[in-house]
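Observations on the three-dimensional arrangement
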Amino acid sequence: MRKPEGSAGGRRLTRITVVRSVRDRRKGFLKAGGAVFPCALGRSGIVVDKREGDGGTPRAKLPLRRVFFRGDRLPRPASLLPARRIGPRDAWCDDNADRRYNRLIDRPPGEAEERLARADNLYDVIVELGWNDAPVRRGRGSAIFWHLARPGFMPTAGCVAVEGHVFAKVLPRLARGCTLVVR
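The following paragraphs examine the structure supplied in this document. Each chain has its residues counted from 1, running along the sequence as written. Only residues with pLDDT of at least 70 get local features here, since the model is predicted, and only at 80 or more are side-chain atom pairs given and counted; chain-wide, interface and lining totals rely on the full set of residues. Neither water nor hydrogens contribute to the side-chain values; these are computed over all heavy atoms in the structure.

**Re the overall build of the protein chain**
Cut-off, in case you're wondering: A run of H or I in DSSP becomes a helix once it reaches four residues, and a run of E becomes a strand once it reaches two; helices and strands are each numbered from the N terminus. C-alpha atoms define the radius of gyration, and 2.2 Å times the number of residues to the power 0.38 defines the globule rule. Each residue gets one of three labels from its accessible area relative to the maximum for its type: buried under 20%, exposed over 50%, partly exposed in between, using a 1.4 Å probe on protein chains only. Per-residue and other accessible areas follow the Shrake-Rupley method at a 1.4 Å probe size, with only the shown protein chains counted as cover for residues. In this tally, Lys and Arg are treated as positive and Asp and Glu as negative; His is ignored, and so are the chain termini. Think of each charge as sitting on NZ of Lys, CZ of Arg, CG of Asp or CD of Glu.
Across its full length, the protein chain holds 1 helix and 14 strands. Its C-alpha atoms give the protein chain a radius of gyration of 16 Å, within 12% of the compact-globule value 16 Å for 183 residues. Counting only C-alpha atoms and orienting by the principal axes, one finds that the protein chain spans roughly 55 × 35 × 35 Å. Expressed as a percentage of its 183 residues, the buried residues of the protein chain come to 49%. Accessible area of the protein chain: about 9,100 Å², with a carbon and sulfur share of 51%. Across the protein chain, the centroid of the 38 positively charged side chains sits 8 Å from that of the 19 negatively charged ones.

And the structure:
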């Protein structure tokens, strides 16, 4: 008997699910196939009406767009998703007034925006989640990523964050067109 697509056992994952913890709305669980991993969520927990700066992780079905990685810190992650090495000028536009809102932009170091080349390791691996990008609506939230967690799974600004070993286990199993469903 064949296992259904997205199940554990070597088949490519077409869906990853995130659910919140019943004990702390800022923490949750990422389910990938038959595996379950703890994760951090936004400081406001999971929200239905996402707004820029609200600290909420949007309740949505989010396509996985591409992987960004710090090539100076680790090798290219194994994945079928498109991958891009993070450069020192890479940033994500979170300025509502900018025509490039919620997009990858080129910025000299030091200028405001969501810098991808961070001093800490939170963005050593990032999966860009397809939130508010088809089409972009100003003020509906930007830079929603799946990235590395802080110690103790401290809350994010609205992203989903996991430990590094989770990326090593899950990224190679993702199918093209995989989605992350936040419930």
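**Observations regarding the pattern of salt bridges**
Selection criterion: When a carboxyl oxygen of Asp or Glu lies within 4 Å of a side-chain nitrogen of Lys or Arg, that pair is called a salt bridge.
Tallied over the entire structure, the rule returns 14 salt bridges. A salt bridge links Asp 98 to Arg 100; its shortest N-O distance comes to 2.8 Å. Asp 98 gets classed as buried once you look at its relative accessible area, which sits at 12%. Here Arg 100 falls in the partly exposed class, since its relative accessible area comes to 23%. Where Arg 107 meets Asp 98, a salt bridge forms, and the shortest distance between an N and an O atom there is 3.9 Å. Here Arg 107 matches Asp 98 in class, with each residue buried.

**A look at the sheet that holds strand β9 (residues 104-106)**
We apply this condition: Pairing between strands requires that DSSP locate at least two bridges from one strand to the other.
Read from one edge to the other, the open sheet built from 3 strands follows the order β9-β8-β10, with strand pairing classed as antiparallel. The open sheet has two edge strands with one neighbour each: β9 and β10 (114-115). Pairing between strand β8 (residues 90-92) and β10: 2 bridges, direction antiparallel. From the neighbouring strand, Trp 92 faces β10, where its bridge partner is Glu 114.

**Focus on unusual backbone geometry**
Negative phi values dominate among residues other than glycine, just as trans dominates among peptide bonds. Omega for the peptide link from Ala 134 to Pro 135 comes to 0 degrees, which places this bond in the cis form. Despite not being glycine, Asn 132 shows a phi value in the positive range, around 55 degrees. Even without a glycine there, the phi angle at Phe 153 is positive, about 55 degrees. With respect to the helices and strands, the residue Phe 153 is situated in the loop between β12 (145-148) and β13 (160-162).

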